[in-house]
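Results of the structural survey
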Amino acid sequence: MTTTPVDIVLVRGDITEQTVDVIVNAANSSLLGGGGVDGAIHRRGGPEILEDCRRLRASHYGKGLATGRAVATTAGRLRAGHVIHTVGPVWSKEEDRSALLASCYGQSLALARELGAETVAFPAISTGIYGWPLDSGAGIAVRVARAHSGPPLKEIRFVLFDTEAYQAFERALQK
Ligand code: AR6
């Protein structure tokens, strides 16, 4: 049996404007919203996403979602079937947290596949408020995307907000 390799696509833009099966959110462990991508997703997706997040906090995730893990909710008014919330690590000079960032991408892709997703859009997790250097973050994202590209996935789309992030992902893809 042959498997079609997944398309890894780079787009410059706003992740909340994408039409895909799954939009991944760079959340924090409270799951109750924040700035950056998280703020944009909750604003654009509407209150249903937050309601789902509150339900998760009241049931399985009383202490919040651990760094590196991923969980799915409704996508509310976004043009997607689900939002997968994952908690990236805060960048540290002293400690190598790369495995946690890789886990965000890996767990999100595994969950997306369980949900039957063919198309998934990711932001550059941890590279904003959490301070992760772009080239390193892009390298980890592309490596994990290539390794987790089984069916039913057809497209993994990285949605990069600015030119700097876009170029870092282009460099990572060329490797
Ligand atoms: N679409 C695509 N990319 C975006 C968008 C957007 N609408 N907005 C920002 N980016 P960040 P983090 C880029 O800060 O570093 C929140 O408060 C941004 O330029 O959203 O993982 C959470 O609640 C950057 O390259 O996420 C957490 O507390 C990338 O998305 C914390 O921030 C990620 O930036 C998470 O920090």
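Up top you'll find the structure we're talking about.
Each chain has its residues counted from 1, following the order in which its sequence is written. Local features in this predicted model are restricted to residues whose pLDDT is 70 or higher, and side-chain atom pairs enter the listing and the counts only when it is 80 or higher, whereas totals over whole chains, interfaces and linings include all residues. Excluded from the side-chain calculation are hydrogens and water; included are all heavy atoms of the structure.

A word on the overall build of the protein
Comment: elements are numbered from the N terminus, with helices defined as DSSP H or I runs of at least four residues and strands as E runs of at least two. Of the regular secondary structure elements, the protein holds five helices and six strands. The N-to-C order of helical and strand elements in the protein reads β-β-α-α-β-β-α-β-α-β-α. C-alpha atoms define the radius of gyration, and 2.2 Å times the number of residues to the power 0.38 defines the globule rule. Its C-alpha atoms give the protein a radius of gyration of 15 Å, within 12% of the compact-globule value 16 Å for 175 residues. In terms of its C-alpha atoms, the protein occupies a principal-axis envelope of roughly 45 × 45 × 30 Å.

Some points on the site of the ligand
Near residues are defined by distance, with any heavy atom within 4 Å of the molecule or strand qualifying the residue. Around the ligand lies a shell of 22 residues, among which N28, G35, V37, D38 and T127 are the nearest. Counted as a polar contact is a pair of N or O atoms within 3.5 Å, where, for protein atoms, one must be capable of donating a hydrogen and the other of accepting one, and residues adjacent in sequence contribute only when both atoms are in side chains. Within the backbone of G35, an N or O atom sits 2.7 Å from an oxygen atom of the ligand. Contacts to the ligand include D38, whose side-chain N or O atom sits 2.7 Å from an oxygen atom. Note on areas: Shrake-Rupley with a 1.4 Å probe; residue coverage comes only from the protein chains shown. Contact with the protein chains removes 90% of the 700 Å² of surface that the ligand exposes when unbound. Contributing elements (two or more residues each) for the shell around the ligand: β2 (22-27) and α1 (36-45).

Points about the side chain of D52
Inspection of the secondary structure assignment puts D52 in helix α2 (residues 47-58). Relative accessible area decides the class of each residue, using a 1.4 Å probe on protein chains only: under 20% of the type maximum gives buried, over 50% gives exposed, and in between gives partly exposed. Take D52: its relative accessible area is 18%, and that puts it in the buried class. A polar atom in the side chain of D52 sits 2.9 Å from the backbone nitrogen of T74. Residues are treated as being in contact if the distance between any of their heavy atoms lies within 4.5 Å. If we skip the residues at most four places from it in the chain, D52 touches T73 and T74.

A look at the state of the cysteines
When two cysteine sulfur atoms lie within 2.5 Å, the pair is treated as a disulfide. Summed over the entire model, instances satisfying the criterion amount to zero disulfides. C104 supplies the cysteine sulfur nearest to C53, a cysteine that is in no disulfide, at a spacing of 15 Å. The exposure class assigned to C104 is buried, which follows from its relative accessible area of 0%.

Here we look at the nonpolar core
Here, the term nonpolar core denotes a set of buried Ala, Val, Leu, Ile, Met, Phe, Trp, Tyr and Cys residues that are joined through side-chain atoms within 4.5 Å. Within the largest apolar cluster, 34 residues are counted, with the highest numbers of intra-cluster contacts made by Y105, V120, F122, I156, F158 and F169. Contributions of two or more residues to this core are made by β2, α3 (98-114), β5 (119-122), α4 (134-147), β6 (155-160) and α5 (163-174). Excluding residues that lie within four positions of it along the chain, F169 makes contacts with L10, A124, A138, A141, V142, F158 and L160. One finds V20, I23, C53 and Y61 within the second-largest nonpolar core, a separate group that totals 18 residues.

Observations concerning the packing of α3 against α4
In a pair of packed helices, the angle between the axes and the distance between the axes together describe the arrangement. To obtain each axis, a line is fitted to C-alpha atoms, and for helices this fit is confined to the stretch in contact; angles are then taken between N-to-C directions over 0 to 180 degrees. Contact geometry for α3 and α4: axes closest at 9 Å, N-to-C directions at 40°. As the angle between them shows, α3 and α4 are arranged oblique. Once α3 is placed against α4, the crossing between them reads as right-handed. Between α3, through S98, L101, A102, Y105, G106 and L109, and α4, the contact on the second element is made entirely by G137, I140, A141, R143, V144 and A145. Each residue belonging to the contact of α3 with α4 can be placed in one class, and the counts come to eight nonpolar, three polar and one charged. Any angle between 65 and 115 degrees counts as roughly perpendicular, while under 35 counts as roughly parallel, over 145 as roughly antiparallel, and the rest as oblique. Each helix crossing is assigned a hand: it is left-handed if the near helix lies turned anticlockwise from the far helix by less than a right angle, otherwise right-handed if that turn is clockwise. Under the grouping applied here, Gly and all other residues not named as nonpolar or charged are polar, the nonpolar ones being Ala, Val, Leu, Ile, Met, Phe, Trp, Tyr, Cys and Pro and the charged ones Asp, Glu, Lys and Arg.

Here's the deal with α5
For α5, built from 12 residues, the straight-helix expectation of 16 Å at 1.5 Å per residue is met to within 8% by its first-to-last C-alpha distance of 16 Å. For α5, the set of buried residues is A165, A168, F169 and A172. Projected down its long axis, α5 shows its buried positions confined to an angular sector of 95°, all on one face. The span one expects for a helix is its residue count, reduced by one, times 1.5 Å. Read the arc as the range of directions from the helix axis to the C-beta atoms.

As for the sheet that holds β5
Whenever strands of a sheet pair, they do so through backbone hydrogen bonds, lying parallel or antiparallel. Strand order in the open sheet formed by six strands is β1-β6-β5-β2-β4-β3, and the pairing between neighbours is mixed. Edge positions in the sheet fall to β1 (7-12) and β3 (70-74), since each has one partner strand and no second. For this sheet, the mean angle separating the axes of adjacent strands, direction not counted, is 25°. Two strands form a pair only when DSSP identifies at least two bridges running between them. In terms of strand pairing, β5 meets β6 through four bridges, oriented parallel. Residue pairing across strands places T119 opposite E155, the latter belonging to β6. Across the sheet, α1 lies against β2 and β4 (82-87), angled at about 130° from β2, the strand it touches most. With respect to the sheet, α4 is in contact with β1 and β6, its orientation differing from that of β6 by roughly 165°.

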